[in-house]
Amino acid sequence: VETRLAAALADADMPPVLYGGLKREELHRTGSVILHEIYFDGLGGDGQAAGSIRAALAKAWGSFETWAKDFRRTGLSLAGGSGWVILAYNLHARSLRNHWAWDHMHGAAASVPILALDMYEHSFHMDYGTQAAKYIDAWFRNLDWEAADRRYAQATAIGAT
Ligand SMILES: [Fe+2]
């Protein structure tokens, strides 16, 4: 896409609508790569939430369980379609949010992803069929909270500057 964009930029006759299509694809692919890398980086743990991220989630939602309930419910809302659930630290609002993302391009401005749950059918249908809740349970059981805590510390450090 980058190669095609460079060629399109050099083309004086390139219709803006076609250039826009490439810019859309650039955004789509960038989001897909980053979110999948955060998804896989967040797995491989024992699912036991700890560290400052757990305390911050409990403080922001009233309890850790309430945060998890919101995250799960957002995931189930996407189960009939596709998209992501993203726990993000917002640098502007200086707060944690669970975001519904219908595709790789949704996300609030100034958001830094901490956790990302892939709700595209390819991520769970082979193992769980239509039982998306079981997939979400398995995702929670295998979360690497140390990785999430690391990303949270990095985001809040940026936000503090
Ligand atoms: Fe995916």
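Structural data are supplied above this passage.
This structure is a prediction, so every number in the text was calculated from the model and none was measured.

Thresholds, definitions, all that
- Residues numbered from 1 in each chain as written.
- Predicted model: local features only at pLDDT ≥ 70, side-chain atom pairs only at ≥ 80, totals over all residues.
- Heavy atoms only, no water.
- Pairing = 2+ DSSP bridges.
- Helix = DSSP H or I, 4+ residues; strand = E, 2+ residues; numbered from the N terminus.
- Axes fitted to C-alpha atoms, helices over the stretch in contact; angles between N-to-C directions.
- Contact = heavy atoms within 4.5 Å.
- Donors = N, O, S within 2.8 Å, 3.2 Å for Na, K, Ca; no water.
- Buried < 20%, exposed > 50% of the residue type's maximum accessible area, 1.4 Å probe, protein only.
- Parallel < 35°, antiparallel > 145°, perpendicular 65-115°, else oblique.
- Left-handed = near helix turned anticlockwise from the far one by under 90°.
- Phe/Tyr/Trp six-rings, centres within 6.5 Å; stacked < 30°, edge-to-face > 60°.
- Lys NZ or Arg CZ within 6 Å of the ring centre and 35° of its normal.
- Core = buried A, V, L, I, M, F, W, Y, C linked by side-chain atoms within 4.5 Å.

Visitor: Explain the sheet that holds strand E2 (residues 95-101) to me, using residue names and the numbers behind them.
Guide: The antiparallel open sheet is built from three strands, whose spatial order is E2-E1-E3. Two strands lie at the open edges of the sheet, namely E2 and strand E3 (111-118), each paired on one side alone. When strand polarity is set aside, the average angle formed by the axes of neighbouring strands in this sheet is 25 degrees. With seven bridges joining them, strand E1 (residues 84-90) and E3 adopt antiparallel strand pairing. Residue pairing for E3: alanine 88 is matched across the bridge by proline 113. Docked against the sheet, helix H3 (residues 51-61) engages E1, E2 and E3, running at close to 80 degrees with respect to E2.

Visitor: Can you break down the coordination of the iron ion residue by residue, with the values?
Guide: Coordination of the iron ion by the protein comes from His36 (NE2), Asp118 (OD) and His122 (NE2), over a distance range of 1.9 to 2.1 Å. Counting along the primary sequence, the residues that act as donors to the iron ion give the motif H-x81-D-x3-H. Look at aspartate 118 and you get buried, because its relative accessible area is 2%. For histidine 122, a relative accessible area of 58% puts it in the exposed group.

Visitor: Account for the packing of helix H4 (residues 64-77) against helix H6 (residues 132-141), with residues named and values stated.
Guide: Where H4 contacts H6, the two axes come as close as 10 Å, and the packing angle between them is 140 degrees. In terms of orientation, H4 and H6 fall into the oblique class. Judged by the twist between their axes, the crossing of H4 over H6 is right-handed. From H4, Trp67, Ala68, Phe71, Arg72, Gly75 and Leu76 reach across to H6, where they touch Ala132, Ala133, Ile136, Asp137, Trp139 and Phe140.

Visitor: Please provide a residue-by-residue account of the environment of leucine 96, values included.
Guide: Within the secondary structure, leucine 96 sits in strand E2. In this structure, the C-alpha to C-alpha distance between leucine 96 and tryptophan 139, residues 43 residues apart in sequence, is 20 Å. Those residues in contact with leucine 96, other than ones at most four positions away along the chain, are Ile53, Ala56, Leu57, Trp61, Leu87, Ala88, Tyr89, Ile114 and Tyr152.

Visitor: Hey, could you go over unusual backbone geometry for me, with residue numbers and the actual values?
Guide: At arginine 94, a residue that is not glycine, the phi angle is positive and equals roughly 55 degrees. Look at arginine 94 and you get exposed, because its relative accessible area is 52%. Even without being glycine, alanine 110 reaches a positive phi, approximately 70 degrees. Position of alanine 110 among the secondary structure elements: in the loop between E2 and E3. Look at alanine 110 and you get partly exposed, because its relative accessible area is 35%.

Visitor: If you had to explain the packing of aromatic side chains to someone new, which residues and values would you point to?
Guide: With the rule as written, the count across this model stands at 14 aromatic pairs. Chaining the aromatic ring pairs together yields one cluster made of Phe64, Trp67, Phe71, Trp139, Phe140 and Trp145. In this structure, arginine 54 packs its charged tip against the face of phenylalanine 64, placed 4.2 Å from the ring centre. If you follow arginine 72 out to its NZ or CZ, it ends over the ring of phenylalanine 140, 4.2 Å from the centre.

Visitor: Please provide a residue-by-residue account of the nonpolar core, values included.
Guide: One finds Trp67, Leu87, Leu96, Ile114, Leu117, Met119 and Trp145 to be the most contacted residues of the largest nonpolar core, which totals 37 residues. Mapped by element, the contributors of at least two residues to this core are helix H2 (16-41), H3, H4, E1, E2, E3, H6 and helix H7 (145-159). With six residues, the top contributor of residues to this core is E1. Beyond its immediate stretch of four places on either side in the chain, leucine 87 contacts Ile53, Leu57, Trp61, Trp67, Phe71, Leu96, Arg97, Asn98, Val112, Pro113, Ile114 and Leu115.

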